[in-house]
Amino acid sequence: MSNNIVFSGIQPTGSGDMHIGNYFGAVANWVRLQNSGRYQTIYCVVNLHAMTMPYKAEVLAKSTEQMFIDLLACGLDPDKSIIFVQSMVPEHTELAWVFGCVCSYGDLTRQTQFKEKSEQLEGKQDGFISAGLFTYPVLQAADILLYRAANVPVGQDQKQHLELSRDIAQRFNTQFGEYFPLPEVLSTETPKLLALNDPSKKMSKSLGPKSYIGLFEDEASVRSKVRSAVTDIGNPEEPMGPGAANLLAILRACGKHDTAAQFEQEYANGPRRYAPLKEATADALVELTQHMRARRAEVAADRARVKQLMQLGAEKARSIAVQTMRDVRRLTGLFALDY
Ligand code: TRP
């Protein structure tokens, strides 16, 4: 059973703004899917997932609202997509409990993201690892299947979680009757941007501010970061290194295909001078970030409207979620006030 419902989620980043890696890797694609007119698109700020790692309440509240604003600034449109905050639709946690009971313990122990994140925590502070971190993928399956979405645009790193979502749906269907679609990764070409200061790694906030360009960063700092990006010495006898290729990828991501092609042609015929490439990349990024900053300022200026859109998005999501939970309670033999 497949359909045209798209669901995806993004964590509110505790550490401030979205960077261009998040944008081009995920959100820009969400906007494209929304505007293609081929899907019913549902996008969620997954603040409950952010609770699985140590965090501060005030910071979570603030970054949840910030992420909601950023998504609007990026071009998600409340008239075309359902955009909402996960905790405002309590059915997510209710379905997660039901799914916890059709998900095998063994499958959860094999999730590599849990292994990685729990190892990160072991060395830190009191070494506390929450059970929520362990059951994280169960909540993710609930997110998707509450809307019976068959299409989930996520990156490679989420493939295992999606497999688990399918196993959960399958097991539920076998035990209680065909009800859920088996969700698939909706894979689309998205650029994987590398860290500017260490192009052997993916762009990430954890590699420090010089690693990434913030989507709303100011011009001076964009230019200085691009200028100091790690490249190679441009020797035509040797192949281009990943740092320079990353700059070309950024140019293309910004839509400057012709410029990127020109550099490639020039580089194919002789030494690679990277100063002009850096300049062109910085120009393209400044254009993007200035546009984004203006949009964000516009959205953020009307806080009452932001709150209203959050409410509205949650209400739309909830009208679907309530229906699904009613069916699920009936299928699984659970009593509720209306049953
Ligand atoms: N785990 C996803 C991530 O870290 C976020 C997420 C939560 C999600 N629920 C989801 C993604 C449902 C897609 C669908 O990127």
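Overview of the structure. (Residues numbered from 1 in each chain as written. Predicted model: local features only at pLDDT ≥ 70, side-chain atom pairs only at ≥ 80, totals over all residues. Heavy atoms only, no water.)

**Brief notes about the site of the ligand**
No. 1: As a matter of local geometry, the ligand sits amid Phe7, Ser8, Gly9, Val46, His49, Tyr136, Gln140, Asp143, Ile144, Val152, Val154 and Gln158.
No. 2: Here a nitrogen atom of the ligand and a side-chain polar atom of Gln140 are 2.9 Å apart.
No. 3: Within the side chain of Gln158, a nitrogen or oxygen atom sits 3.0 Å from a nitrogen atom of the ligand.
No. 4: Protein burial of the ligand: of its 370 Å² of free accessible surface, 88% is covered by the chains. (Near = heavy atom within 4 Å. Polar contact = N/O pair within 3.5 Å; in protein donor to acceptor, adjacent residues only side chain to side chain. Areas by Shrake-Rupley, 256 points an atom, 1.4 Å probe, with all protein chains shown as cover.)

**Let's talk about the side chain of Ser8**
No. 1: Locating Ser8 in the fold gives a position in strand E1 (residues 5-10).
No. 2: Excluding anything up to four places from it in sequence, Ser8 contacts Trp30, Ile42, Tyr43, Cys44, Pro153 and Val154. (Helix = DSSP H or I, 4+ residues; strand = E, 2+ residues; numbered from the N terminus. Contact = heavy atoms within 4.5 Å.)

**Some words on the nonpolar core**
No. 1: Formed by 56 residues in total, the largest nonpolar core has its most connected members in Ile20, Tyr23, Leu71, Leu215 and Leu285.
No. 2: In terms of residue count, the dominant contributor to this core is helix H12 (residues 274-301) (9 residues).
No. 3: Shared between two domains, this core takes at least three residues from each, and those domains are domain 1 (5-191 + 303-332) and domain 2 (205-297).
No. 4: Among all residues touching Tyr23, those that are not within four sequence positions of it are Met18, Ala28, Cys74, Leu215, Leu288 and Met292.
No. 5: The next biggest cluster of nonpolar side chains, apart from the first, holds 43 residues, and it includes Ile5, Met53, Val138 and Ala169. (Core = buried A, V, L, I, M, F, W, Y, C linked by side-chain atoms within 4.5 Å. Buried < 20%, exposed > 50% of the residue type's maximum accessible area, 1.4 Å probe, protein only. Domains from an automatic or database assignment.)

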